[in-house]
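# Chain and residue survey
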Amino acid sequence: WKRLTQGLTRTASSLSTGITDLFTKRRLDATTLDDLEDILIRADLGVETATRIAEAVGKGRYDKTIEPEEVRALVAAEIETVLKPVAHPIVFAADVKPFVLLMVGVNGSGKTTTIGKLAATLHAQGKKVVLAAGDTFRAAAIEQLKVWADRTGASVVSREPGADAAGVAFDALQKARADGADVLIIDTAGRLQNRAELMAELEKIVRVIKKQQPDAPHAVVLTLDATVGQNALSQVEAFKRVAGVTGLVMTKLDGTARGGILVAIAARYGLPVHLIGVGEGVDDLQPFEARDFARAIVG
Ligand code: GDP
């Protein structure tokens, strides 16, 4: 909770200051509700959600004075209602072996960090993990994954930079099956600037995986960097189309006042949100809890 609230300080202070300034010694009426809606839109919550929240706050309270704290609590409650249906951990079904997770997202969005943390968590639960260094475009990504593998006791399958990513995924799945691994996590390149190539590459990865294990991949997780704000929406669109995303991780919520974007994405797409990143350390990747998040971003 402490890391969460510290991490979300910037989003929280922008929302909480806005609400406090707005409702201090002012009645709740159409004008203040309009202003509240603006504050919420500026915090990236999206127009629909902002309108919905303002309506909920106004209901039965017109022409009354209202304490800023009460408004914050009402806003948090409404945000929680939006987030609750999407807060789901990744379920690593025990009867699926290996459970194949494909990690997608643009470069720098936090894919490798998320993979490392997941590997650490699974290892701590006694699960055997194989990592596939499928971002073959960046030598650094391969090296970074190896460091995580060393740190977490996972094995890593890689080829030289520039190699075929689908080949790496194929080898890794073969190894995971031969070793009786519980989970295979596949890193991928995030070159959204060349959508056709990215789609071809992801499709090929999925195709070669299915040859060995027809029900795989069991999860396609998209990492989103919160600091890109509204651009995160177009990334969801793009990756939904090219990769059939099944769930989300949002990182870097600590570096931004734009944490509200997670609420906009939840409201628009209803995709499960698995984890959130509120700092660079491993412990800063946390399970996503609707109530805690809602309270933390309102301050
Ligand atoms: P990838 O290119 O998608 O694999 O991204 P990385 O996992 O390499 O992450 C890119 C950078 O963002 C690294 O420097 C990470 O330490 C940093 N990062 C990842 N998650 C977070 C987060 O939640 N908060 C902050 N402040 N930095 C993060």
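Predicted, not measured: the structure shown is a model, and the values here were computed from it.

### Some words on the overall build of the protein
A count of helical and extended segments in the protein gives 12 helices and eight strands. Over its C-alpha atoms the protein spans a radius of gyration of 21 Å, differing by no more than 12% from the 19 Å that the globule rule assigns to 299 residues. Seen along its three principal axes, the alpha-carbon backbone of the protein occupies a region of about 70 × 40 × 35 Å. Across the 299 residues of the protein, 54% fall into the buried class. Sequence-distant contacts, at least 24 apart, represent 76% of the contacts inside the protein between residues at least 6 apart. Total accessible area computed for the protein in this model is approximately 12,800 Å², and 50% of it derives from carbon and sulfur atoms.

### Description of the environment of Gly 7
Checked against the element boundaries, Gly 7 lands in helix H1 (residues 2-7). Distance in space between the C-alpha atoms of Gly 7 and Phe 137 is 31 Å, their sequence separation being 130 residues. Residues contacting Gly 7, with those up to four places away along its chain left out, are Leu 253, Asp 254 and Val 278.

### A word on the packing of helix H2 (residues 9-23) against helix H12 (residues 290-298)
Contact geometry of H2 with H12 gives a least axis separation of 6 Å together with a crossing angle of 60°. Comparing their axes, H12 and H2 come out oblique. Contacts from Thr 11, Ala 12, Leu 15, Ser 16 and Ile 19 in H2 reach Ala 296, Ile 297 and Val 298 in H12. Among the residues making up the contact of H2 with H12, the classes are represented as six nonpolar, two polar and no charged.

### Details of the packing of helix H6 (residues 111-124) against helix H7 (residues 139-152)
Closest axis-to-axis distance for the H6/H7 pair is 9 Å, and the angle between their directions is 15°. Comparing their axes, H7 and H6 come out roughly parallel. The handedness of the crossing between H6 and H7 comes out as right-handed. Each of Thr 112, Thr 113, Ile 115, Gly 116, Lys 117, Ala 119, Ala 120 and His 123 in H6 lies in contact with H7, whose residues at this interface are Gln 144, Leu 145, Trp 148 and Thr 152. Among the residues making up the contact of H6 with H7, the classes are represented as five nonpolar, six polar and one charged.

### Structural notes on the site of the ligand
For the ligand, the set of nearby residues contains 17 residues, the closest of which are Gly 108, Thr 112, Thr 113, Asp 254 and Glu 280. Thr 112 is positioned such that a nitrogen or oxygen atom in its side chain is 2.5 Å from an oxygen atom of the ligand. At 2.6 Å from an oxygen atom of the ligand is found a side-chain nitrogen or oxygen belonging to Glu 280. Looking at which element gives the most residues to the shell around the ligand, the answer is H6, with three residues. Grouping the constituent residues of the shell around the ligand by class yields two nonpolar, 10 polar and five charged.

### Thoughts on the UniProt feature "domain: SRP54-type proteins GTP-binding" (unreviewed entry) in the protein
Cross-referencing UniProt, the feature "domain: SRP54-type proteins GTP-binding" (unreviewed entry) maps to residues 272-285 in the present numbering. Summarising residues 272-285: 0% helix, 43% strand, and an end-to-end C-alpha distance of 16 Å.

### Things to note about the sheet that holds strand E6 (residues 247-251)
Overall, mixed pairing links the eight strands, which are arranged E3-E2-E4-E1-E5-E6-E7-E8 in an open sheet. Two strands in the sheet have a free side with no partner beyond their single neighbour: strand E3 (155-157) and strand E8 (285-287). Averaged over all pairs of adjacent strands, the angle between their axes in this sheet comes to 25°, without regard to strand direction. By the bridge criterion, three bridges tie strand E2 (residues 129-132) to E3 in an arrangement that is parallel.

Analysis parameters
Residues numbered from 1 in each chain as written. Predicted model: local features only at pLDDT ≥ 70, side-chain atom pairs only at ≥ 80, totals over all residues. Heavy atoms only, no water. Helix = DSSP H or I, 4+ residues; strand = E, 2+ residues; numbered from the N terminus. Rg over C-alpha atoms; globule rule 2.2 N^0.38 Å. Buried < 20%, exposed > 50% of the residue type's maximum accessible area, 1.4 Å probe, protein only. Contact = heavy atoms within 4.5 Å. Areas by Shrake-Rupley, 256 points an atom, 1.4 Å probe, with all protein chains shown as cover. Axes fitted to C-alpha atoms, helices over the stretch in contact; angles between N-to-C directions. Parallel < 35°, antiparallel > 145°, perpendicular 65-115°, else oblique. Nonpolar A, V, L, I, M, F, W, Y, C, P; charged D, E, K, R; others polar. Left-handed = near helix turned anticlockwise from the far one by under 90°. Near = heavy atom within 4 Å. Polar contact = N/O pair within 3.5 Å; in protein donor to acceptor, adjacent residues only side chain to side chain. UniProt positions renumbered as here; feature names shortened; annotations may be inferred. Pairing = 2+ DSSP bridges.

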